[in-house]
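Residues per chain, in single letters:
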Amino acid sequence: MIKCCDEHVELALDIVVDEHEVPPNMTKIEDENLSTNCEFCQNKAVYLVGN
Ligand SMILES: [Zn+2]
């Protein structure tokens, strides 16, 4: 699973498609208490991308 912000969600989707060759699921992180950072920058992660 890749955690990412709004800006990097397309990049995350590309990476997962490259690795798994199937369209990934994109889940919005609803829990405000999960203070997770984007894997590509320092923004707060908004989406979980994976299968
Ligand atoms: Zn980001």
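One can find the structure itself at the top, above this paragraph.
What you see is a predicted model; the values in this text were computed from it and never measured.

**What about the pairing of strand β3 (residues 47-50)?**
- Sheet topology note: the strand β1 (residues 2-4)/β3 ladder contains 3 bridges and is antiparallel. Each residue of the ladder has a partner; that of K3, found in β3, is L48.
- Examined bridge by bridge, strand β2 (residues 25-28) and β3 share 4 bridges and lie antiparallel to one another. Across the sheet, residue M26 finds its bridge partner in β3, namely V49.

**Regarding a negative patch on the surface**
- A surface patch of like charges, here negative, comprises E10, D14, D18, E19 and E21.
- With respect to the element layout, E19 can be found in helix α1 (residues 9-20).

**Focus on the environment of A12**
- Checked against the element boundaries, A12 lands in helix α1.
- Between the alpha carbons of A12 and N51 there is a distance of 12 Å; along the sequence they are 39 residues apart.
- Ignoring any residue separated from it by four or fewer positions in sequence, one finds A12 in contact with I2, C4, F40 and V49.

**Comments concerning α1**
- Here α1 spans 16 Å end to end across 12 residues, near enough to the 16 Å set by a 1.5 Å rise per residue.
- Every buried residue belonging to α1 is among V9, A12 and V16, and all of these are buried. All buried residues of α1 fall inside an arc of 60 degrees around its axis, so they share one side. Residues of α1 that are exposed and point over 90 degrees away from its buried face: E10, D14 and D18.
- As for α1, its buried residues are in contact with β1, β2 and β3.
- The positive-phi residue at the C-terminal boundary of α1 is E21, with phi of around 60 degrees.

**With respect to the coordination of the zinc ion**
- Those donors, C5 (SG), H8 (ND1), C38 (SG) and C41 (SG), are the protein atoms that reach the zinc ion, and they lie 1.9 to 2.3 Å from it.
- As a motif over one chain, the donors of the zinc ion read C-x2-H-x29-C-x2-C. The pair formed by C5 and H8 is uniform in burial state, with each residue classed as buried.

The rules behind each value
Residues numbered from 1 in each chain as written. Predicted model: local features only at pLDDT ≥ 70, side-chain atom pairs only at ≥ 80, totals over all residues. Heavy atoms only, no water. Pairing = 2+ DSSP bridges. Helix = DSSP H or I, 4+ residues; strand = E, 2+ residues; numbered from the N terminus. Patch = residues over 30% accessible without salt bridge, like charges linked within 9 Å, V, L, I, M, F, W, Y side chains within 5 Å. Areas by Shrake-Rupley, 256 points an atom, 1.4 Å probe, with all protein chains shown as cover. Salt bridge = Lys/Arg side-chain N within 4 Å of Asp/Glu carboxyl O. Lys, Arg positive; Asp, Glu negative; His and termini not counted. Charge placed at Lys NZ, Arg CZ, Asp CG, Glu CD. Contact = heavy atoms within 4.5 Å. Expected span 1.5 Å × (residues − 1). Buried < 20%, exposed > 50% of the residue type's maximum accessible area, 1.4 Å probe, protein only. Arc of directions from axis to C-beta. Donors = N, O, S within 2.8 Å, 3.2 Å for Na, K, Ca; no water.

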